[in-house]
Amino acid sequence: MAPRLQLEKAAWRWAETVRPEEVSQEHIETAYRIWLEPCIRGVCRRNCKGNPNCLVGIGEHIWLGEIDENSFHNIDDPNCERRKKNSFVGLTNLGATCYVNTFLQVWFLNLELRQALYLCPSTCSDYMMGDGIQEEKDYEPQTICEHLQYLFALLQNSNRRYIDPSGFVKALGLDTGQQQDAQEFSKLFMSLLEDTLSKQKNPDVRNIVQQQFCGEYAYVTVCNQCGRESKLLSKFYELELNIQGHKQLTDCISEFLKEEKLEGDNRYFCENCQSKQNATRKIRLLSLPCTLNLQLMRFVFDRQTGHKKKLNTYIGFSEILDMEPYVEHKEPSKSQTRKPKCGKGTHCSRNAYMLVYRLQAQEKPNTTIQVPAFLQELVDRDNSKFEEWCIEMAEMRKQSVDKGKAKHEEVKELYQRLPAGAEPYEFVSLEWLQKWLDESTPTKPIDNHACLCSHDKLHPDKISIMKRISEYAADIFYSRYGGGPRLTVKALCKECVVERCRVLRLKNQLNEDYKTVNNLLKATVKGNDGFWVGKSSLRSWRQLALEQLDEQDGDADQSSGKMNGNTLNKDESKEERKEEEEELNFNEDILCPHGELCISENERRLVSKEAWSKLQQYFPKAPEFPSYKECCSQCKILEREGEENEALHKMIANEQKTSLPNLFQDKNRPCLSNWPEDTDVLYIVSQFFVEEWRKFVRKPTRCSPVSSVGNSALLCPHGGLMFTFASMTKEDSKLIALIWPSEWQMIQKLFVVDHVIKIMRTEGGDADLSETQYISEPKLCPECREGLLCQQQRDLREYTQATIYVHKVVDNKKVMKDSAPELNVSSSETEEDKEEAKPDGEKDPDFNQSNGGTKRQKISHQNYIAYQKQVIRRSMRHRKVRGEKALLVSANQTLKELKIQIMHAFSVAPFDQNLSIDGKILSDDCATLGTLGVIPESVILLKADEPIADYAAMDDVMQVCMPEEGFKGTGLLGH
């Protein structure tokens, strides 16, 4: 047995021999476990659950050991943020901006570029006031050059360990959460910087990008026939090197410069020979820049995923790169024939994607660059702010330490005085004591309301989450932190203890009483001495009694769930309680809806007075019905009325079915597209009316009779017809039902007809006697008809989370089996059953199902549209074929986004998808589905250019996202 259960059993052992009326103060204190011994530190390692006198392991070890000042605060030493002597300044990674920071550091270390940028004119003079900068106004760089100036000045002379480049990143319009191609960023930014500096007057500034980063090579083609050599000169800012199949950087450079043969279909047209000839082509390096950027092509395009994938190939490179053998001079030298030397400091990397080499100069470069005065003043101001922040953090840190020391002294003093012993005591929440000892949270007022019983006293089952402390300590707590209510010895609840005693005694004698009641139920009840009890309650009364007696124990478990950091889920406990409350209590199974005895005798039986007396001990609040108790009078009346109504409904249904047999069986129905010869008039009702009437006739006891035809639903607010003759033969034919004249006469007798709608056939005029005309009465309302069509189209193009179907085709045939069963619909539930499952009270507003009122409100245009949606929802529903896949889409979703969904569903890459709908090719990836005519329940055909068999097994599947757009929309492309 667990220690907590042992404690609980010991605390209530006396209840086995003591009757509820005999409970004394000593019994109460025993139930509240006052008698338990307090635990000793060092002997007891953790807090004892259920012992209110155990004050060990509640968080006191932090305060009673050696003092560690760092534990009194969560503020790091501000000096850790200070730049160390002779070290570089870092840049903050704003999310996925490491590629930006890398190049900023590379460009900063280029002394010539830094010097040139410092020479650029700046708008900083606008911020100057007198002999300094306005203190109340922050400096905001206006151009890319000014951003670089300010960043470089901070990287050079800032006191901070790292600086924030967010202003620069924001100026470029970069997304800080999206990883970009570093090589592409380098190219675009160098182009932007070169274009920006080209407007400068100073040539050292204007030409700095070309001087530092621009080299020259030539595409050389040599004819094998005549030996003629043609050159095409080109400048470069970086060399893009293929790394596939190579292990050394020098091998990559050699492949970049290797000779290519032009033969066969790829032959070269020689101007000297005036014909296509075999030739060779290669790249010759003519001059190298001061700063050589080597781009390692680690990212290659993967056609299956539509994205770039990374090559994790190891590449070896040296710190000093000998480029002499690769450069062509004007008098050829021996260096061109020898192999490049391998410099010292060789490295190997599988992640490096760019290598930057600096040209070794003959003379020692000038490493000291002076920061311009206006920039240095900005740096000094930022350094001053940093120093103020350091002082502020140090002061906050000191205050936290002082506060922690004071709290330490308070805890040391009070913890020694917490145990109550024989002196007056009070109870305090264990949770509050733990928070008082928790240095990370401020101490709040004491709140003991959660442990109170219904008598506003301490609940005995809550004792496991309470601690008994001395009155002296309690006085200090309440004076310093406030709260309440205070739980003294007077807060021990006698009523709860007595009730618990009664429950425990009943629990012990439950098995005995169960046998007694079973024996009493065997005897026949004579006279009027018996009581009515539900048969269901009798079958489960023992279980119900046990659950009821265990309910308090369950409450105790929930209240003691928060111990040593274990917290119960409040939402779960509320849901469980709600479910328990919804279950029927004992003998409530024979209650009628009016709270009286139900009329069905099959659900109850008579038990003797002795058996009822025993049951009442366990269920004192159960409904009591003596044998002479009459059944509910209201239920008797309703039962009689129900029987009469059922008989009436059956009679009405039988009469209507007999009067309209063909309409009920849907036989011999007229058709507008093939007008019957024997009549010139057909009447119209809504199909919805016919379906509702058929449901009633089939099951008159389960449905209410239809009293009104409700034809106003087919008319506009002006009383005009909403359908044309042509539409009633096609798309609107599912909304109406055609009625023979003989049937219409019967409908007028059986139902309330609010509006007569009919179609008449007439012969043509004198001009053309052979022409037949069809006239509706009432006539068509053109304005409302046009408005309805516009609203329908708008609804079809403003949907959200609607279902469409995608069908993959092979050789222009849908993928499906030949057998007919493949065309089964996805749901086995019939439409009629679905309609009958409609909740009570959800009735169509256009059909009054009651026996009385025939009044109807005039239906508006909006109400008609809502009605029409309800009527046609079944006719529009696509019957899903096996093998088709349903997708949820919205009208404002682009075709590109739909292709991504299709890729996940069919494993076909977006660029391999050929989509069409109703014969129309869908090709504009930026267009929305609404503008492309994709409406709910549409079927889109998918034809794949090349199926990908094992696409789902590829590692890149987990990284599938929208196609890359690179730096589209950023400031890098604005120039």
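Residues numbered from 1 in each chain as written. Predicted model: local features only at pLDDT ≥ 70, side-chain atom pairs only at ≥ 80, totals over all residues. Heavy atoms only, no water.

From N to C terminus, the protein includes 28 helices and 33 strands. Evaluated residue by residue, the protein yields a buried proportion of 41% over its 975 residues. Only carbon and sulfur atoms are counted for the fraction: they give 48% of the accessible area of the protein, which is about 55,500 Å². (Helix = DSSP H or I, 4+ residues; strand = E, 2+ residues; numbered from the N terminus. Buried < 20%, exposed > 50% of the residue type's maximum accessible area, 1.4 Å probe, protein only. Areas by Shrake-Rupley, 256 points an atom, 1.4 Å probe, with all protein chains shown as cover.)

Evaluated as defined, the whole model comprises 24 salt bridges. D461 is the partner of R500 in a salt bridge, and the nearest nitrogen-oxygen pair spans 2.5 Å. With R500 in helix 15 (residues 494-522) and D461 in the loop between strand 19 (446-447) and strand 20 (466-470), the pair connects residues that are 39 residues apart, well separated along the chain. For R500, a relative accessible area of 3% corresponds to the buried category. Given a relative accessible area of 9%, D461 falls into the buried group. Of the charged contacts, one joins D925 and K899 as a salt bridge, the two residues approaching to 3.0 Å between their closest N and O atoms. (Salt bridge = Lys/Arg side-chain N within 4 Å of Asp/Glu carboxyl O.)

The strand order across the open sheet formed by 4 strands is 6-5-11-8, and the pairing between neighbours is antiparallel. Each edge of the open sheet is held by one strand with a lone partner, namely strand 6 (229-236) and strand 8 (260-262). Averaged over all pairs of adjacent strands, the angle between their axes in this sheet comes to 25°, without regard to strand direction. (Pairing = 2+ DSSP bridges. Axes fitted to C-alpha atoms, helices over the stretch in contact; angles between N-to-C directions.)

Its location among the elements puts Q893 in the loop between strand 30 (885-889) and helix 28 (895-906). Accessibility expressed as a relative area gives 10% for Q893, which makes it buried. A distance of 2.4 Å separates polar atoms of two side chains, one belonging to Q893 and the other to Q901. When sequence neighbours within four positions are dropped, the list of residues in contact with Q893 reads L888, L898, Q901, A927, T928 and L929. (Polar contact = N/O pair within 3.5 Å; in protein donor to acceptor, adjacent residues only side chain to side chain. Contact = heavy atoms within 4.5 Å.)

Quick look at the nonpolar core now. A general trend in soluble globular proteins is that nonpolar side chains are found buried together. By size, the foremost hydrophobic cluster in this structure holds 49 residues, and its most contacted members are W107, F185, F189 and L193. Among the elements that take part in this core, helix 6 (residues 144-157) stands out by supplying 9 residues, more than any other. Counting 28 residues, the second largest nonpolar core, distinct from the first, contains I28, A31, A420 and V497. (Core = buried A, V, L, I, M, F, W, Y, C linked by side-chain atoms within 4.5 Å.)

Relative orientation of the contacting elements helix 15 and helix 19 (residues 609-618) amounts to 155°, with a least axis distance of 10 Å. Looking at the two axes, helix 15 sits roughly antiparallel to helix 19. When you trace helix 15 past helix 19, the crossing you get is left-handed. When helix 15 is examined against helix 19, the residues R502, L506, Q509, L510, D513, T516, V517 and L520 are found in contact with a partner set consisting of E610, A611, K614, L615, Q617 and Y618. (Parallel < 35°, antiparallel > 145°, perpendicular 65-115°, else oblique. Left-handed = near helix turned anticlockwise from the far one by under 90°.)

The next thing to look at is the packing of aromatic side chains. If you walk through the whole model with that rule in mind, you get 26 aromatic pairs. Considering the side-chain rings of W432 and Y481, the 5.7 Å spacing of their centres and the 65° angle between planes classify their relative orientation as edge-to-face. Placement of the pair is W432 in helix 13 (residues 430-436) and Y481 in helix 14 (residues 471-481), with a sequence separation of 49 residues. The exposure class assigned to W432 is buried, which follows from its relative accessible area of 7%. Accessibility expressed as a relative area gives 18% for Y481, which makes it buried. Arranged with centres 5.2 Å apart and planes meeting at 90°, the rings of F689 and F751 form a pair that is edge-to-face. (Phe/Tyr/Trp six-rings, centres within 6.5 Å; stacked < 30°, edge-to-face > 60°.)

Looking now at the confidence of the model for the protein. Model confidence for the protein is summarised by a mean pLDDT of 79, while 79% of its residues fall at 70 or above. The element-level mean pLDDT for the protein is lowest in helix 26 (residues 831-836), coming to 41, with strand 1 (residues 90-91) highest at 94. Taken as a whole, residues 556-573 scores under 50 in pLDDT and shows 29 contacts with residues more than four places along the chain or in a different chain. Ignoring residues within four places in sequence, the model shows residues 577-581, a span with pLDDT below 50, making 2 contacts including any to other chains. (pLDDT = per-residue confidence, 0-100.)

Structurally, the position occupied by Q913 is in strand 31 (residues 913-917). At 3.0 Å, the side chain of Q913 forms a polar contact with the backbone oxygen of K899. Once residues lying within four places of it in the same chain are set aside, the contact partners of Q913 are K899, I902, M903, V908, L942 and K943.

Glancing now at the state of the cysteines. Considering all chains together, one arrives at 0 disulfides under this definition. The thiol sulfur of C496 is not disulfide-bonded, and the nearest other cysteine sulfur, from C493, lies at 3.4 Å. (Disulfide = S-S within 2.5 Å.)

Pairing is antiparallel across the open sheet formed by 4 strands, whose spatial order is 25-24-26-27. Looking along the sheet, the strands with just one partner apiece sit at the ends: strand 25 (736-739) and strand 27 (772-777). Neighbouring strand axes in the sheet, compared pairwise and without regard to direction, differ in orientation by 30° on average. Most of the contacts of helix 22 (residues 687-698) go to strand 24 (residues 681-686), to which it runs at about 70°, and overall it touches strand 24 and strand 25.

All right, on to unusual backbone geometry then. That bond from G484 to P485 is cis: its omega, -5°, falls within 30 degrees of zero. Take P485: it is sitting in the loop between strand 21 (483-484) and helix 15. Here E777 and P778 are connected by a cis peptide whose omega angle stands at 5°. Here P778 shows up in the loop between strand 27 and helix 25 (782-796). Of note in the backbone geometry, N668 takes a positive phi value of approximately 55° without being a glycine. Mapped onto the fold, N668 is located in the loop between helix 21 (661-665) and strand 24. Looking at N668, the relative accessible area reads 55%, which means it is exposed. Positive phi, close to 50°, is recorded for Q801, a residue that is not glycine.

With that out of the way, let us pick up the packing of helix 6 against helix 8 (residues 182-197). With their axes 10 Å apart at the nearest point, helix 6 and helix 8 run at an angle of 105° to one another. The angle between helix 6 and helix 8 places the two elements in the roughly perpendicular class. Counted together, I144, C145 and L148 of helix 6 and F189, L192, L193, T196 and L197 of helix 8 form the full contact between these two elements. When the residues that make up the contact of helix 6 with helix 8 are grouped by side-chain class, the tally is 7 nonpolar, 1 polar and no charged. (Nonpolar A, V, L, I, M, F, W, Y, C, P; charged D, E, K, R; others polar.)

With that settled, the discussion passes to the environment of K398. Inspection of the secondary structure assignment puts K398 in helix 12 (residues 373-417). Accessibility expressed as a relative area gives 47% for K398, which makes it partly exposed. Along the backbone, K398 and I75 are 323 residues apart, and their C-alpha atoms lie at a distance of 9.8 Å.

We now examine helix 8. Counted at 1.5 Å a residue, the expected span for helix 8 with its 16 residues is 22 Å, and the 22 Å between its end C-alpha atoms agrees. Of the residues making up helix 8, those classed as buried are A182, Q183, F185, S186, L188, F189, M190, L192, L193, E194 and L197. N-cap assignment for helix 8: the residue whose side-chain oxygen lies 3.0 Å from the backbone N of Q183 is D181. (Expected span 1.5 Å × (residues − 1).)

Okay, a negative patch on the surface next. Among the surface-exposed residues, E639, E641, E643, E644 and E646 lie close enough to one another that they form a single negatively charged patch. Tracing the sequence through the fold places E646 in helix 20 (residues 633-659). (Patch = residues over 30% accessible without salt bridge, like charges linked within 9 Å, V, L, I, M, F, W, Y side chains within 5 Å. Lys, Arg positive; Asp, Glu negative; His and termini not counted. Charge placed at Lys NZ, Arg CZ, Asp CG, Glu CD.)

This brings us to the environment of W107. Mapped onto the elements of the fold, W107 is located in helix 4 (residues 98-108). Assessed through its relative accessible area of 4%, W107 is described here as buried. With 45 residues separating them along the chain, W107 and F152 place their C-alpha atoms 9.0 Å apart. Setting aside its immediate chain neighbours within four residues, W107 contacts L113, F152, F185, F189, M190 and F213.

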